[in-house]
Amino acid sequence: MLLQGPAALLEGPLLVKAGHVVVGLTRNPGNLEFLHSEGVQPVLVDVFDREALFAVLREIKAWDGFLAGCVMSLISFNLLRMVIDHMIDQGFISCPLA
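The shown structure was predicted, so the numbers you read here are calculated from the model rather than taken from an experiment. (Residues numbered from 1 in each chain as written. Predicted model: local features only at pLDDT ≥ 70, side-chain atom pairs only at ≥ 80, totals over all residues. Heavy atoms only, no water.)

Asker: Talk me through the overall build of the chain; I want residue IDs and the actual numbers.
Answerer: The helix and strand tally for the chain stands at six helices and four strands. Starting at the N terminus and ending at the C terminus, the chain contains elements arranged as β-α-α-β-α-β-α-α-β-α. Within the span of the chain, comprising 98 residues, buried residues form 33% of the whole. Within the chain, residue pairs in contact and separated by at least 24 positions form 38% of the contacts whose partners lie at least 6 positions apart. As displayed, the chain offers around 6000 Å² of accessible surface, 58% of which is attributable to carbon and sulfur atoms. (Helix = DSSP H or I, 4+ residues; strand = E, 2+ residues; numbered from the N terminus. Buried < 20%, exposed > 50% of the residue type's maximum accessible area, 1.4 Å probe, protein only. Contact = heavy atoms within 4.5 Å. Areas by Shrake-Rupley, 256 points an atom, 1.4 Å probe, with all protein chains shown as cover.)

Asker: Describe in detail the nonpolar core, supporting the description with residues and values.
Answerer: Counting 13 residues, the largest nonpolar core has Leu25, Val43 and Leu53 as its most contacted members. Going through the elements one at a time, strand 2 (23-26), helix 4 (50-59) and helix 6 (77-89) are the ones with two or more residues in this core. Looking at this core, the element that brings in the most residues is helix 4, giving four residues. With sequence-adjacent residues up to four places away left out, leucine 25 is seen in contact with Leu2, Leu3, Gln4, Gly5, Ala8, Val43, Val45, Val47, Leu53 and Val56. Core analysis: the second largest hydrophobic core is formed by seven residues, Ala7, Leu15, Leu35 and Val40 among them. (Core = buried A, V, L, I, M, F, W, Y, C linked by side-chain atoms within 4.5 Å.)

Asker: Mind laying out the environment of proline 29, listing which residues take part and the relevant values?
Answerer: Relative to the helices and strands, proline 29 resides in the loop between strand 2 and helix 3 (32-37). Sequence separation of proline 29 and leucine 44 is 15 residues, and the distance between their C-alpha atoms is 6.6 Å.

Take it as geometry only, folks, not as evidence of what the structure does.
Right under this line is the structure:
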């Protein structure tokens, strides 16, 4: 599962205890140790830096799971819109309104 920001900090440890593999995105280096200590795979990235975010998503192969509906991501509307726009741009999905 892919979580970002507060969701990674608050819900990530609970999901790990429930047996899930969790990747937690954070832009605060101070959160890395906490996430790691709770069993969450920490990734330092500013989710509002489009290129950096997509580089991380490619590296952790989140696209496959995202497209297959296997990755749960609790992200802001703006980030979700960026992801959808990028997926349309890359031809992963089509949108008649795009």
